[in-house]
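Spelled out, the chains give:
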Amino acid sequence: MPRPDGDPAGDRMHEACGVIGIFGPGEEVARLAFFGLYALQHRGQESAGIATADGHRIGLYSDMGLVSQVFSEDDLAGLTGHMAIGHTRYSTTGSSCVENAQPICIESDLGPIAIAHNGNLVNTSYLAERLEERGDTPLTTTDSEIIGRLCATAPGRDWVERIRHTMPFVKGAYSMVMMSPRQLIAIRDPYGIRPLCLGRLGKSWIVASESCALDTIGAELLREIQRGEILIIDEGGPRSCHIDDPDARAALCIFEYIYFARPDSVIDDTLVYLARERMGATLAQEHPVEADLVMPVPDSATPAAVGYARASGLPYREGLIKNRYIGRTFIQPDQRLRESGVKLKFNPLPDVLNGKRVVVVDDSIVRGTTTPSTVALLRRAGAREVHMRVTSPPMVNSCYLGIDTARREELIAANMDIPSICRHIGADSLGYLSLHGLIESIGLPGDRFCQACFNGDYPMPVQLDLDKLVLEGARRAR
Ligand code: SF4
């Protein structure tokens, strides 16, 4: 059955969240946060929220839906102050409901603090138990609130001391922003799994999940927030300290380059668009085929298809047109519409495809539930041969670090060899980019990345049976 997010068969990996933080005296910070979140919408479409602070108090507004649906002019006008943090969510721990929308605001003896988190913890149950030992109970079922409450109840005279005390116990992926009435604090886990960068807009400081958010509001990208860095910004300017974790190694999620990040974002000095073009070019070298044209599964595979076409000398054409305005809808199609399958999302161009041998470039095959419909759609539109080319290696392991992939038993490449997958999707041939080719294409050393969904080498111990509703389950058991 089609998912309510417009993905016809639920065969996409889903990003965890986007965050933004602004320290901007004299700026309309809520409006800047709104447009920053608008640029980060691809990272999560379930809920959105903005909190602002004016030196004394924190205001907060959040709701279910897209950024453009959640906020009205009146909502933004009510969010005053010189600092803001914002969040757009796809749930990876805790269900999708308004109570779990972020930012979350927590009261403490130091006053309130708001938190917005991208990532997923791997020791949530342990942390929830530690919190209970302190006599505190979270109001939501997100790992993000647990981090906030642990910080709020930790020893220390100020927020920085409490955060430094807490974070060594917190294991997993977190790129997050916290805000007290006087300070903006950005924190990235010691592995640097999710991206987080720092920018400047006039005298304002901006922290964002991706640099495309900085571009959108006219800010200049300064640098990445380093892995393990705690960046504090207040009236004294920015200053940093670090989380102690001698066991940590660099482990940026390699899928940020393949699919999650926007192509106009720069991560570690590498423009994602160009990395994807190079992936397509390498794919053409590794898996050449005689064909008449190269086309992408739009939009995420478009740069790679351009790279494949250029390297192979084949013409680039668009054979599928994507409904660009598809978003979350809770209206389910009836049986007849369901049978039309991926036409809800893609419409083919028979005049381009008829009688042609087609190379189709996609960024990943997760469960293998959508690709057969896409191949069938191209054949019905007249394609004579369909050759699938994928800009990632076969995905054989689930992600526990902030990406909603699928359980391992649902991953098609964990259960079938490549010839079997090719038969299952109905293609004439199938070629995956090698892991070596992927890393070469990005152009950064391989030891900077988490590649666990391809090679099983998780950067930290993970609980393989972990479910995103872990905290709901624990609550029900009590
Ligand atoms: Fe990214 Fe895969 Fe690692 Fe998850 S397991 S962080 S999706 S590379």
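Since the model is a prediction, treat every value here as computed from it, not as a measurement.

Caption draft 1: The overall build of the protein chain, seen in detail. Looking only at helices and strands, one finds 18 helices and 23 strands in the protein chain. Burial statistics for the protein chain: of 478 residues in total, 60% are counted as buried. Within the protein chain, contacts between residues at least 6 apart in sequence are counted, and of these 70% link residues at least 24 apart. Taken as a whole, the protein chain presents about 18,700 Å² of accessible surface, with 50% of it coming from carbon and sulfur.

Caption draft 2: Quick look at helix 4 (residues 124-133). Thr124, Leu127, Ala128 and Leu131 are the residues of helix 4 that are buried. Viewed along the axis of helix 4, the buried residues span an arc of 100°, placing them on a single side of the element.

Caption draft 3: Main features of the site of the ligand. Taken together, the neighbourhood of the ligand is formed by Arg194, Cys253, Ile254, Cys399, Leu401, Ile403, Cys450, Ala452 and Cys453. Its residues placed into classes, the shell around the ligand shows eight nonpolar, no polar and one charged.

Caption draft 4: A look at a nonpolar patch on the surface. A cluster of nonpolar side chains, namely Leu271, Tyr273 and Leu274, defines an oily patch on the protein surface of about 220 Å² accessible area. With respect to the element layout, Leu271 can be found in strand 16 (residues 270-271). Taking the relative accessible area as the measure of exposure, Leu271 reaches 32% and is therefore partly exposed.

Caption draft 5: How the structure looks around the sheet that holds strand 9 (residues 197-201). Strand order across the open sheet formed by seven strands is 3-2-4-1-10-9-11, with antiparallel pairing between neighbours. Whereas interior strands pair on both sides, the edge strands pair on one side only; in this sheet they are strand 3 (58-64) and strand 11 (220-224). Between one strand axis and the next, the sheet turns by 15° as a mean value, whatever way the strands run. The pairing of strand 9 with strand 11 spans four bridges and is antiparallel. When the sheet's bridge partners are listed, Arg200 is paired in strand 11 with Glu220.

Caption draft 6: Just helix 6 (residues 159-166), in detail. Along helix 6, the residues that are buried comprise Trp159, Val160, Arg162, Ile163 and Thr166. Down the axis of helix 6, the smallest arc covering the buried residues is 165°, so these residues share one side. Where helix 6 is buried, its residues touch strand 6 (113-118), helix 5 (143-152), strand 7 (175-179), strand 8 (184-188), strand 12 (229-234) and strand 13 (237-242). Looking at where helix 6 begins, the residue whose side-chain oxygen comes 3.2 Å from the main-chain nitrogen of Val160 is Asp158.

Caption draft 7: Structural detail: the packing of aromatic side chains. In the structure shown here, the tally under the stated rule is ten aromatic pairs. Taking the centre distance of 6.5 Å and the plane angle of 80° together, the rings of Phe35 and Tyr38 count as edge-to-face. Linking Phe35 with Tyr38, this pair stays in helix 1 (residues 29-39), spanning three residues, or about one helical turn. On the accessibility criterion, Phe35 (37% relative accessible area) is partly exposed. Owing to a relative accessible area of 47%, Tyr38 belongs among the partly exposed residues under this scheme. Aromatic ring contacts, followed pair by pair, group Phe34, Phe35, Tyr38, Tyr61 and Phe71 into a single cluster. For the cation-ring pair, Arg200 lies above Trp205, with the distance from its terminal atom to the ring centre recorded as 3.7 Å.

Caption draft 8: Inspection of the packing of helix 9 (residues 272-286) against helix 16 (residues 435-442) at higher detail. It is the contact of helix 9 with helix 16, at a shortest axis distance of 8 Å, that shows an interaxial angle of 140°. Compared by their axis directions, helix 9 and helix 16 come out oblique. The handedness of the crossing between helix 9 and helix 16 comes out as right-handed. For the pair helix 9 and helix 16, the contacting residues are Ala275, Arg278, Met279, Thr282 and Glu286 in the first and Gly437, Leu438, Ser441 and Ile442 in the second. A breakdown of the residues in the contact of helix 9 with helix 16 according to their chemical character gives four nonpolar, three polar and two charged.

Caption draft 9: Representation of the sheet that holds strand 22 (residues 429-432) within the structure. Pairing is parallel across the open sheet formed by four strands, whose spatial order is 17-20-21-22. Because the sheet does not close on itself, it has two edges, and the strands there are strand 17 (293-296) and strand 22. Pairs of neighbouring strands in the sheet enclose a mean axial angle of 20°, with direction left out of account. As paired strands, strand 20 (residues 357-362) and strand 21 (residues 385-390) are joined by six bridges and run parallel to one another. Among the inter-strand pairings, Arg357 is bridged to a residue of strand 21, identified as Glu385. The strands touched by helix 9 are strand 20, strand 21 and strand 22; relative to strand 22, the strand with the most contacts, the crossing angle is about 125°. Helix-sheet contacts for helix 10 (residues 302-312) involve strand 17, strand 20 and strand 21, and the interaxial angle to strand 17 is about 165°.

Definitions and limits used
Residues numbered from 1 in each chain as written. Predicted model: local features only at pLDDT ≥ 70, side-chain atom pairs only at ≥ 80, totals over all residues. Heavy atoms only, no water. Helix = DSSP H or I, 4+ residues; strand = E, 2+ residues; numbered from the N terminus. Buried < 20%, exposed > 50% of the residue type's maximum accessible area, 1.4 Å probe, protein only. Contact = heavy atoms within 4.5 Å. Areas by Shrake-Rupley, 256 points an atom, 1.4 Å probe, with all protein chains shown as cover. Arc of directions from axis to C-beta. Near = heavy atom within 4 Å. Nonpolar A, V, L, I, M, F, W, Y, C, P; charged D, E, K, R; others polar. Patch = residues over 30% accessible without salt bridge, like charges linked within 9 Å, V, L, I, M, F, W, Y side chains within 5 Å. Salt bridge = Lys/Arg side-chain N within 4 Å of Asp/Glu carboxyl O. Pairing = 2+ DSSP bridges. Axes fitted to C-alpha atoms, helices over the stretch in contact; angles between N-to-C directions. Polar contact = N/O pair within 3.5 Å; in protein donor to acceptor, adjacent residues only side chain to side chain. Phe/Tyr/Trp six-rings, centres within 6.5 Å; stacked < 30°, edge-to-face > 60°. Lys NZ or Arg CZ within 6 Å of the ring centre and 35° of its normal. Parallel < 35°, antiparallel > 145°, perpendicular 65-115°, else oblique. Left-handed = near helix turned anticlockwise from the far one by under 90°.

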